[in-house]
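Overview (structure and organization)
Listed below, chain by chain, are the residues.
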Amino acid sequence: MEFPFSNTDQNLRQHHDLTIDSTDQIESGAKMYADWASLHDEIQCDRGNQSVLHKFPAAVGREVACSVVKCIAHNLSSAATNDEPSSLEDERDVKWTMEVLCFGLGLPLTEHETINDCVKVYVEWLMSLTQPKPCVPKPVVKDPNPFAQVILHHLLNLFKPRPDCGVDLVKRQALLCHRVLRAIEAVAKESSILTRDTWETLLKFLLAANDSLLSPPTEKDDSGLSSYDISDHLCERVLSVLFGIWLTSCNKCFPSPSLWKTFRNMCIYWRHHEALVVQWHKVNHVLTAHMIRTMYGPNYPQLVILEDDAQMVPAEMNSESITQAWFRFLHIVQNPVDLSCPAVVSNTPRFLQHALTNEALLDPSQHECLLKLPTIFFKAMRGVSIMVNAFLGLPQDLKDNLMSSAAPSTRAAVATPSTPPGQRKSAKPMSVLTSSLTSKVSSRSSQALKVAAPAQVNLPVGKISLETRLPFAPTRPQCNSILHLFGAWLFDAALAGVKLHPSHAAPVSKERRTSSFIESKQQSLSMDLHAYHPLGSDNTYERGRAEACGALCRIFCAHKTKEEILPVYYSRFYLIMYYGLQTEEPEISGEVLTSILFNSCDLLRTDLAGVQILTPYILKALELVLSRTSAEFKMSEQISYIELRKACVHLLLSILCLPLHFKDLEIQDILSTTNVVTKEQPRTFLSLKNRIIDLLRIALTNETDPTNTQMLLGGLMLVVQDLATCEETESMTVQPGQDTSDSDVNPEPRASTSSGDSGPHDNVPTSRQSVPPRDLDTAHGLFGHATSLVCNRLMASWKTDLNTALAAMELLAGLAKVTVTPPNILMCKRTVKWICDFIVFQCSRPAPNHSRDLHTLIVAAFKCVQLWLVDHSSLLYDKECLHYVLEVVELGISGTKSQNRASDPPRYKGTKDLMPASMRVKDAAEAVLTCIIDQVGAFPPPCGPESLFSLLDERSLLKYAKGSSLPEQGSPFRYFVIDNSIIVGLLEQPLGNVEDPLPTVTALIRGAFGRHAWTMQLRHSPRTSKISSRAHLADPGRPMPVEDAGTHHNVNHRYFPECVDKINKTNADNSIPPLESLTNEKEKEELDKMKVFIESAASFEDDVSLKASMARQTKPYPDPQTECKPPEICHEYQTARLFLSHYGFLSLESLKEPSNRVCSVPPALVMLDSTNTALFSDLESLDFIPSRDNDTLHVFYVKQNQKTAHDILSNVTSYNCVQPQFLEFLHSLGWPVDVRRHAGWTGHVSSSWKISEPDECEEEDYMTGTGGSLYDGKQQALYWADVSSELAIVVPSPETYRLRTTSSSTLESGHSTLNTSSSTGSSPHSSGLPSSGINISASSPNASPQAPHPSPRLSSSLPYGSSTAGDANLLKPKSLPLDGERLSRMERESPGSPPESGGSNSSTGRPRRLGRQPAAMMGPDTKILVVWLERFQDKDSFPTADLLSVTSTGQETAGTAISSSVPKAAEKDVYIIFIHALQNGLFRVHIHEYEKTQTKMTVAIPLVDGMVVSRRTLGTLVRQTAINICRRRRLESEAYQPPHVRRKLKIQDIVNKYKCSFSAAEFYTALFQDVPR
């Protein structure tokens, strides 16, 4: 097909771009029809519809026509019925008959039968162009085209309005017109013999018919009828036929330029009909859908059209025809912005004629039919907006057909939004954006495609949501291209009815282009729009203006990295934003403001040149919305207030870092004031800081939506961290009372702290309801207000919402690590008290409210308390704070407090029943209690934060123990289990550095919270630095006698006091007579003899005593024979027995079975069988279970347009391939550690929790000049840890990819081999650390954890041969069992098998169990990827699936192998944090959930999708977000148990397998046996 001019806009067919590169191309398009004449006058003056009968009187013509037509119709019916030929055989007869039919078609409607017969005849004759019938005259059948052209001219009489006709007659006329239109449609689509002349005549006929019906202004009379009511009946139909047949003509016989120009010019007279705009956009949307499919391929998001509308374009129509037709139809109505100006629309001959004939109508622009212009203008802009969305790649679905003309004509009746709903084009549950970036849920469910919205979005019918928005298509055209097409319309429409500032209302050149390419002859809107509104801004057309503003915002938000936009577009857009963001009367337009805010979420984070100039106006609009709980301006019915606030929160998150980033940089005013002298100080970014912080605080106070609240909490954390880091960087130490506010520089008021009636922008700057706190300028004050606000809101509103409460806990945990100067101790204490109150409230809720979610909140709160106590250890010196914490810990463990009130008597734990809220709560409370005892005030430990364990194990202790080497049989350690939860290994040999010959025992204590090494001595004298223990053990000698004994008193000792003799005796005293009174004479003699004997014996004794005394005085002192001598010093002790005895573990009660135990104190004591070699493997497996959660962060760097895994991994091999900020960001995530000398988590189980011996570490030079590949986990990694979690940051390199891919198949086939080697490995835990006699390099507890910690020298380990060849460099050698002989035994038996069953396992082929068996309860496999993007749009093509292979940590294989018998599906989550460096020095964050298990929890904070972060806080916030994401997933996972619970279960498993079942006698007997030495 040859087009009349086919060189128009050839670049529209270029692939992937619509860019118009020069003004010449624009001008050539603007003069597309300049050299062609319009046929408008020819059509209006055409006499082809006149008959010869018109020259006779009307009565004569009527009589002739009625008679002849009736006969012709009757003959036609008879011929058609009987299949007879027509009686009109001659061409002359046919022409005469046609003269009569022509006149008959113009008869009054009262002659309906005659008109009907005429239509019947002509329809039959017209059909001869498709399938001629015998009843049709032969001349017509022989050459139908000339006759068809005449018939079309005659049929025009049918479409002329008949004034003063009744409704019934008008309806009959409409039915006849419909019949003719159907026939014409059939001919146009089915006929293949139409000539070009016939096509042109057909198109002219349709133009004339439409002009006849639509050009006059419609007017209703008192009865509600119109004098031209036929236009109301046929308006939509004639326009649809016109546009449809015109499209068909573009396929079969492309219309001439003159016809296109005529069509375009005649549309000017029909613009007061809504159906014109509706039909115009139907065609535009159909052709646009085909154009997009042709230009960008089938994978580009499609514009889904109604099936009926899609049939308008013939299936066989080629792309060239579609392109030409699309461009011409796009401009067929000229400038749609003219619809906002009644004076332009009414500037037609018919309107002027009507005004002249109607005395009541003084101005044509005041005609009542023009009251529909706001609705028409709105639909015109809505259609343009849909096309803009289509080119931006926003999938849309127009199946709702809401662009129909059935909408009410009055402005009040068109409140129902009519945005066509979107259609989801991907497998994920997302909705589509139309004019407002989202899909609309329509009530017309029978026509609309049903789209399932996400569960968290619960909006009324007709509302749209930001949650369902889709990203722009990655291959979308440039912004310049779209603005070349639609910019002129959108820019003018966005200022419709706006009175411009004098500095902006400059005179415009007369040659100004009024549409995208076409120069209209009619006057259009200029930038001097106030000429139409001299009295002020008019919001009559604000709905259409809002659509235009929203479309422009979306176009500029679609700006790509380093994409150039013409400066003229920037300037006009910023001008529009200035007027659209006005918040004061009378300039404010609620719908425009709503549309701008809702569609500008990405405006401040897309590197638009000079966009920061809008910051003050955006902030002012945000204050209007976020400082109120309900809208105080007119909003769009499509957008709920919650969704508008959500969009405002996104904008707020984009400006939080601007004040401290740009500081004193001046913000230029959009208003031109070069000639005006102003006394106001220039506005700087720093002057906005107080307003932004106040707004954030007020918004968080007023917010009720959980999603918005969580976003604001993330923003609050960003602000506090940024301000604290800034002060720390600048060494600012501002006291709380100081005022360093810059608010005085800014004359504008800050937002109110209340949601009352008065707004934040009163005319008087000082009229504020409350004055914001002055100390918010400092990190100290902001820290206090932030914690207070969050804690109060948590207890008042958020305590029952899972996600909001978790976000609040994450914020408080982040605030605990913020360093402020001076420390806000009082607020720290209050915060801990508030968190404790939160736990008490949740635990005290009624039983029906207790659920897993509730217990999740309690566990998170306990974790938060733990972090606060560790980071602020001075809190426990406060007696009241310590009481709060311990009371809540007791509540968590036992379920009740000892004292509910201070006046209640305490209940001791021995009398309480343990009824905790749940075992999860009990475990969390135990963790806090252990942390208080072990870590508070002592973290990081001397060996650094990488290990909370002691780095000593059996091998390292035996290496430095006195005596020979390892024994041939048995182990020198004796193992006991206390209370079924603590394994104590006792070594009675003193260590080599112990010089004192005292009873010494070394204990390795393995409990639920780690492994600890104690060395204890039995001392009877204190340790001093000068006197050794040997001096106390030597014989001190007997002291010399002291002669001076003092004064000696001779005392006569009596049995009774002297006063007894003075008491008179009584008869009772004489009841026992004296001895003499009872004797006779004979007995008296004997009695006397006895007295003599007694006296002589006494005298002898006195003599002997005197002689002995005299003899002693002559002998030396002391007497060797009688002197007491101390026993010899004992060098052999049973120190294990002494230890157990002194600690009260050897009581008979502790040895009884649990069923016979009377009380739990002292705990039960169990001896383990240390002769079973499998015990040591299980002990090593226990040591491989860390006491903290461990997470891994994999960091990637993506250069522009990179899409393959190899290219991405190769970027980090050279410093020159990455941006300098990337390396700075890496080091802000953690500190470098040497993998071989690191005792903590390294990112892979093969190298974690162990330290290689120096002689085993090959001295390899560290790579230099890398872009981060040094930290790929082979030599070094980045590491960060606190008391509750470890984080390894790994930067995968090509070497990592090679090792992972080559070893993946081997790992799968030799899974049990790898597991065996892992089970025999060492841990922090299995590393050997010298005792106190050896120097140990360690960081002090006060050292910064960001500094690298020197690694201690640890025990030796032998290389194991069970690692795969491909993983040889990654899997480091691990420690062997305690002696070489046991290695062969371990290879023959399962690590957990008893001795008697060891040999049977290999024969039965039972698979070996993993050493880390509790890994089955480690929770979900959560992957956190951090991707640094040079070009933000590359996030859409990031090869996540290909790169997941290099993110393996080794825990996936263990967890899968152990839990393979569990039918539940594995939980796997992949979160990607994209980071893009903006040109202004800030960083844009995008969080993407690549693969996520269905969960009710949202993504953790502080980072929020779309947040703009400063350079100072990027690393800290990314690290916190990664840890919080993993922590949330563990909280929700049912397959997760805390590390200390897994260790406790492992200990119980060890006890069950290796305990010695002894009676009390057998236990004591075994205890007293000699230990092999």
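Residues numbered from 1 in each chain as written. Predicted model: local features only at pLDDT ≥ 70, side-chain atom pairs only at ≥ 80, totals over all residues. Heavy atoms only, no water.

Looking only at helices and strands, the chain has 49 helices and 15 strands in total. Buried residues in the chain amount to 56% of all 1573 residues. Pairs at least 24 apart in sequence give 78% of the contacts found in the chain among residues at least 6 apart. Summed over all atoms, the accessible surface of the chain reaches about 68,300 Å², with 53% contributed by carbon and sulfur. (Helix = DSSP H or I, 4+ residues; strand = E, 2+ residues; numbered from the N terminus. Buried < 20%, exposed > 50% of the residue type's maximum accessible area, 1.4 Å probe, protein only. Contact = heavy atoms within 4.5 Å. Areas by Shrake-Rupley, 256 points an atom, 1.4 Å probe, with all protein chains shown as cover.)

This next bit is on the pattern of salt bridges. Counted under the stated rule, the structure contains 48 salt bridges. Glu91 is the partner of Lys95 in a salt bridge, and the nearest nitrogen-oxygen pair spans 3.3 Å. Remark: Glu91 and Lys95 occur in helix 4 (residues 91-105); sequence separation between them is four residues, near one turn of the helix. Since its relative accessible area comes to 38%, Glu91 is described here as partly exposed. Between Arg271 and Asp338 there is a salt bridge, and its shortest N-O distance comes to 3.3 Å. Taken together, the positions of Arg271 in the loop between helix 11 (257-266) and helix 12 (274-296) and Asp338 in the loop between helix 14 (319-330) and helix 15 (342-345) put the pair 67 residues apart, joining distant regions of the chain. Note on Arg271: relative accessible area 3%, which makes it buried. Among the ionic contacts, a cluster of salt bridges with common partners joins Glu954, Arg1006, Arg1011 and Asp1183. (Salt bridge = Lys/Arg side-chain N within 4 Å of Asp/Glu carboxyl O.)

Helix 47 (residues 1514-1532) packs onto helix 28 (residues 802-816) with a crossing angle of 140 degrees between their chain directions and a minimal axis gap of 11 Å. Taken together, the axes of helix 28 and helix 47 lie oblique to each other. The two elements helix 28 and helix 47 meet at a crossing, and its hand is right-handed. Residues Asn803, Leu806, Ala807, Glu810 and Gly814 of helix 28 pack against Gln1520, Asn1524, Arg1528 and Leu1531 of helix 47. A class-by-class count of the residues in the contact of helix 28 with helix 47 yields three nonpolar, four polar and two charged. (Axes fitted to C-alpha atoms, helices over the stretch in contact; angles between N-to-C directions. Parallel < 35°, antiparallel > 145°, perpendicular 65-115°, else oblique. Left-handed = near helix turned anticlockwise from the far one by under 90°. Nonpolar A, V, L, I, M, F, W, Y, C, P; charged D, E, K, R; others polar.)

With that settled, consider the packing of aromatic side chains. Each aromatic ring pair is summarised here by two numbers: the centre-to-centre distance and the angle between the ring planes. Across all of its chains, the model carries 38 aromatic pairs by this definition. Geometrically, the ring pair formed by Phe1222 and Trp1428 is edge-to-face, given 5.6 Å between the ring centres and 70 degrees between the ring planes. Pair noted here: Phe1222 is in helix 40 (residues 1220-1229) and Trp1428 is in strand 12 (residues 1421-1429), with a separation of 206 residues, a long-range link. A single burial state applies to Phe1222 and to Trp1428, both of which are buried. (Phe/Tyr/Trp six-rings, centres within 6.5 Å; stacked < 30°, edge-to-face > 60°.)

All right, on to the sheet that holds strand 6 (residues 1010-1017) then. Spatially, the five strands line up as an open sheet ordered 6-5-4-3-7, and their pairing is antiparallel. The sheet is open, and its two edges are formed by strand 6 and strand 7 (1165-1167), each paired on a single side. Pairs of neighbouring strands in the sheet enclose a mean axial angle of 25 degrees, with direction left out of account. On top of the sheet, helix 36 (residues 1135-1142) reaches strand 3 (973-978), strand 4 (982-987), strand 5 (1000-1007), strand 6 and strand 7; it is set at about 140 degrees to strand 4, its chief contact. Packed on one face of the sheet, helix 49 (residues 1560-1568) meets strand 3 and strand 7 and runs near 145 degrees to strand 3. (Pairing = 2+ DSSP bridges.)

Taken together, the side chains of Met1090, Val1092, Phe1093 and Ile1094 make up a nonpolar region of the molecular surface, amounting to roughly 420 Å² of accessible area. Structurally, Met1090 is set in helix 35 (residues 1081-1114). Residue classification places Met1090 among the partly exposed residues on the basis of a relative accessible area of 46%. (Patch = residues over 30% accessible without salt bridge, like charges linked within 9 Å, V, L, I, M, F, W, Y side chains within 5 Å.)

Another point: the confidence of the model for the chain. On average, residues of the chain carry a pLDDT of 76, and 75% of them reach 70 or more. When pLDDT is averaged over each helix and strand of the chain, the minimum, 36, is found for helix 43 (residues 1380-1388) and the maximum, 96, for strand 15 (residues 1508-1509). Overall, residues 222-228 carries pLDDT values under 50, and its contacts beyond four positions in sequence, including any with other chains, amount to 12 contacts. Within the model, pLDDT remains below 50 along residues 1456-1465, and this stretch shows nine contacts once partners closer than five positions in the same chain are excluded. (pLDDT = per-residue confidence, 0-100.)

In this section: the environment of Ile698. Along the chain, Ile698 turns up in helix 25 (residues 689-702). Ile698 sits 75 residues away from Glu623 along the chain, and the two C-alpha atoms are 9.2 Å apart.

Taking 1.5 Å as the rise per residue, helix 18 (residues 479-494) with 16 residues should run 22 Å; its terminal C-alpha atoms sit only 17 Å apart, a clear shortfall. At Phe486, helix 18 shows its largest bend, some 70 degrees. Counted residue by residue, helix 18 has 16 buried out of 16 residues, so it is predominantly covered. (Expected span 1.5 Å × (residues − 1). Bend = angle between axes of the 7 residues up to and from the residue.)

Looking along the chain, the bond that leaves Thr821 and enters Pro822 is cis, with omega of -5 degrees. A cis amide bond links Ile1501 to the next residue, Pro1502, at an omega of 15 degrees. Note that Pro1502 resides in the loop between strand 14 (1483-1491) and strand 15. The phi angle at Asn980 is positive, at roughly 60 degrees, despite the residue not being glycine. Structurally, Asn980 is set in the loop between strand 3 and strand 4. With phi around 60 degrees, Trp1249 is a residue other than glycine that occupies positive phi space. Relative to the helices and strands, Trp1249 resides in the loop between strand 9 (1231-1234) and strand 10 (1276-1281).

This paragraph deals with the pairing of strand 11 (residues 1285-1290). Among the six residues in strand 11, six count as buried, and that is most of the element. Neither face of strand 11 is left uncovered, since the one carrying Ser1285, Leu1287 and Ile1289 and the one carrying Glu1286, Ala1288 and Val1290 both have all their residues buried. Pairing analysis gives four bridges linking strand 10 to strand 11, with the strands arranged antiparallel. Counted as the bridge partner of Trp1280 is Leu1287 from strand 11. In this structure, the hairpin formed by strand 10 and strand 11 is closed by a connection of three residues.

Let's shift gears to the side chain of Gln1520. Along the polypeptide, Gln1520 turns up in helix 47. Other than its neighbours up to four places away in sequence, Gln1520 contacts Met717, Gln721, Gly814, Ile1501 and Pro1502.

Attention now goes to the side chain of Ser1170. In this fold, Ser1170 is placed in the loop between strand 7 and helix 38 (1174-1183). Excluding residues that lie within four positions of it along the chain, Ser1170 makes contacts with Ser971, Phe973, Tyr975, Leu1175 and Phe1176.

Together, Glu1081, Glu1083, Glu1085, Glu1086 and Asp1088 make up a negatively charged patch on the protein surface. By the element assignment, Glu1086 lies in helix 35. (Lys, Arg positive; Asp, Glu negative; His and termini not counted. Charge placed at Lys NZ, Arg CZ, Asp CG, Glu CD.)

Moving on, we come to the pairing of strand 6. Each regular strand displays side chains that alternate between the two surfaces of the sheet. In terms of strand pairing, strand 5 meets strand 6 through eight bridges, oriented antiparallel. For Thr1000, the partnering residue across the bridge sits in strand 6 and is Gln1017. Linkage of strand 5 to strand 6, two consecutive antiparallel strands, is achieved through a turn of two residues.

All right, on to the packing of helix 25 against helix 27 (residues 779-798) then. Running from amino to carboxyl end, helix 25 crosses helix 27 at an angle of 15 degrees, the nearest separation of the two axes being 10 Å. Accordingly, the angle class assigned to the pair helix 25 and helix 27 is roughly parallel. Taken as a pair, helix 25 and helix 27 cross one another with a handedness that is left-handed. Across from Ile693, Arg697, Leu700 and Thr701 in helix 25, the residues of helix 27 making contact are Leu782, Leu789, Arg793 and Trp798. Each residue belonging to the contact of helix 25 with helix 27 can be placed in one class, and the counts come to five nonpolar, one polar and two charged.

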